[in-house]
Amino acid sequence: MSDPIREALARMSAALDRLDAASLRHADGDRARQTLESELSLMREDRHQLARALDEEKASRLLAETHLADLAPRIDRAIAALRQSLAQD
C-alpha cells in the first residue's frame, strides 16, 4: 500500500475514533439529562406534597385557634364561678 493511501486510512481511522468518542459523549449527556429530569420531577412532586401538608397544617391550626377562642370565655366564666363559690364558703 502506498504512503498517501496509508495516511488517508490513518486519518479516516482517527476521524472515525473521534466520531465514536463524540457519539459516546452525546449518549452520556442524554443519560445525564434524563437523570436530572427525573430528579427534578421527583423534587416537584415532593414540593407539591409538602405544600399540601403545609396547607393541611395551617387549616388544622386555624381550626384549633378558633376552638380555643370559643373556649376562652367559657373558661373565664368557669373560673369566675369557682372564685365566687369559694368566696361564699
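My aim in this report is to walk through the structure given alongside it, one point at a time.

Calculation rules
- Residues numbered from 1 in each chain as written.
- Predicted model: local features only at pLDDT ≥ 70, side-chain atom pairs only at ≥ 80, totals over all residues.
- Heavy atoms only, no water.
- Salt bridge = Lys/Arg side-chain N within 4 Å of Asp/Glu carboxyl O.
- Helix = DSSP H or I, 4+ residues; strand = E, 2+ residues; numbered from the N terminus.
- Buried < 20%, exposed > 50% of the residue type's maximum accessible area, 1.4 Å probe, protein only.
- Expected span 1.5 Å × (residues − 1).
- Bend = angle between axes of the 7 residues up to and from the residue.

Here we look at the pattern of salt bridges
Working step 1: Applying the stated criterion across every chain, the model contains 6 salt bridges.
Working step 2: Of the charged contacts in the structure, one is a salt bridge between Arg33 and Asp30, with a shortest N-O distance of 3.9 Å. Residue Arg33 and its partner Asp30 are both found in helix α1 (residues 3-88); the two are separated by 3 residues, about one turn of the helix.
Working step 3: Residue Arg33 is classed as partly exposed on the basis of its relative accessible area of 39%.
Working step 4: Here Arg52 ties to Glu45 by a salt bridge, and the two come within 3.8 Å at their closest N and O atoms.
Working step 5: Looking at Glu45, the relative accessible area reads 38%, which means it is partly exposed.
Working step 6: Bridged by salt links that share partners, the residues Asp30, Arg33 and Glu37 form one connected network.

Here's the deal with α1
Working step 1: The terminal C-alpha atoms of α1, which comprises 86 residues, lie 124 Å apart, in line with the 128 Å expected from a rise of 1.5 Å per residue.
Working step 2: At Leu71, α1 shows its maximal bend, which comes to roughly 30°, and the proline Pro73 appears one to four places after that position.

Read these as layout, nothing more, since geometry by itself doesn't imply function.
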